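# Inside the fold
One-letter residues, chain by chain:
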Amino acid sequence: MSCGEPHETECAEVLDHLYEFLDREMPDSDCTKFEEHFVECSPCLEKYGLEQAVKKLVKRCCGQDDVPADLRSKVMGRIDLIRSGQAVPEQDVTVSGPEVPSAAKE
């Protein structure tokens, strides 16, 4: 998406890092650049508003669920691997729960 207008910070860069901006996981100087971009670019501002609304909705609807500790550990381990540039193994990160007896499945 691009509005077609020239900006100091390109639309593609803003959209590629939108979740980092929403989660405040970027330096203040980058946040300032993004805020300035939103003032100039209504398509990016609209996308930001939509993603912000979705994030609030998910938090409201799902924010109270407890995450099993071993699942959180596995996910955080994968994130660390990705951030360090290491290859991530292709395996399931779900938590194995108690077996359901086959009679209960029917």
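Taking an unreviewed UniProt entry as the reference, the chain is identified by name as Mycothiol system anti-sigma-R factor belonging to Streptomyces drozdowiczii.

Here the structure, examined in full by the defined rule, presents four aromatic pairs. Each ring, one from Phe21 and one from Phe34, has its centre 5.8 Å from the other, and the planes form 25°; the classification is stacked. Here Phe21 is found in helix 2 (residues 18-22), whereas its partner Phe34 is found in helix 3 (residues 28-40), with 13 residues between them in sequence. The residues Phe21 and Phe34 share a single accessibility class, namely buried. When the centroid spacing of 4.8 Å and the interplanar angle of 25° are considered together, the rings of Phe38 and Tyr48 count as stacked. Taken together, the residues span a long stretch of sequence, with Phe38 in helix 3 and Tyr48 in helix 4 (residues 42-62) at a distance of 10 residues. For the residue pair Phe38 and Tyr48, the accessibility class agrees, reading buried in each case. By way of ring pairs, the aromatic residues Phe21, Phe34, Phe38 and Tyr48 are connected into one cluster.

It is worth spelling out the layout of surface pockets at this point. Counted as a void, the largest pocket has a volume near 240 Å³. By residue class, the composition of the lining of the largest pocket is two nonpolar, no polar and three charged.

Here the focus is a nonpolar patch on the surface. Where nonpolar side chains cluster on the molecular surface, the patch consists of Leu50, Val54 and Val58 and spans about 240 Å² of accessible area. Counting through the fold element by element, Leu50 comes out in helix 4. Its relative accessible area of 48% is what places Leu50 among the partly exposed residues.

This part is about the confidence of the model for the chain. On average, residues of the chain score 81 in pLDDT, and 78% of them are at 70 or above. Note on residues 95-106: pLDDT under 50 across the span, and four contacts to partners over four residues away in sequence or across chains.

Mapped onto this structure's residue numbering, the UniProt feature "domain: Putative zinc-finger" (unreviewed entry) falls at residues 11-44. Strand forms 0% of residues 11-44 and helix 79%; the C-alpha atoms that close the span are 7 Å apart.

Counted at 1.5 Å a residue, the expected span for helix 4 with its 21 residues is 30 Å, and the 30 Å between its end C-alpha atoms agrees. Listed in full, the buried residues belonging to helix 4 are Cys44, Tyr48 and Glu51. Projected onto a plane normal to the axis of helix 4, the buried residues spread over an arc of 70° and lie on a single side. Away from its buried face, by an angle of more than 90 degrees, helix 4 presents the exposed residues Ser42, Glu46, Lys56, Arg60 and Cys61.

What counts as what
Residues numbered from 1 in each chain as written. Predicted model: local features only at pLDDT ≥ 70, side-chain atom pairs only at ≥ 80, totals over all residues. Heavy atoms only, no water. Phe/Tyr/Trp six-rings, centres within 6.5 Å; stacked < 30°, edge-to-face > 60°. Helix = DSSP H or I, 4+ residues; strand = E, 2+ residues; numbered from the N terminus. Buried < 20%, exposed > 50% of the residue type's maximum accessible area, 1.4 Å probe, protein only. 1 Å grid on protein atoms, 1.4 Å probe; cavity = no way out; pocket = protein on both sides within 12 Å on 5 of 7 lines; lining within 4 Å. Points joined across faces, edges and corners; volume = space filled by probe spheres on them. Nonpolar A, V, L, I, M, F, W, Y, C, P; charged D, E, K, R; others polar. Patch = residues over 30% accessible without salt bridge, like charges linked within 9 Å, V, L, I, M, F, W, Y side chains within 5 Å. Areas by Shrake-Rupley, 256 points an atom, 1.4 Å probe, with all protein chains shown as cover. Salt bridge = Lys/Arg side-chain N within 4 Å of Asp/Glu carboxyl O. pLDDT = per-residue confidence, 0-100. Contact = heavy atoms within 4.5 Å. UniProt positions renumbered as here; feature names shortened; annotations may be inferred. Expected span 1.5 Å × (residues − 1). Arc of directions from axis to C-beta.

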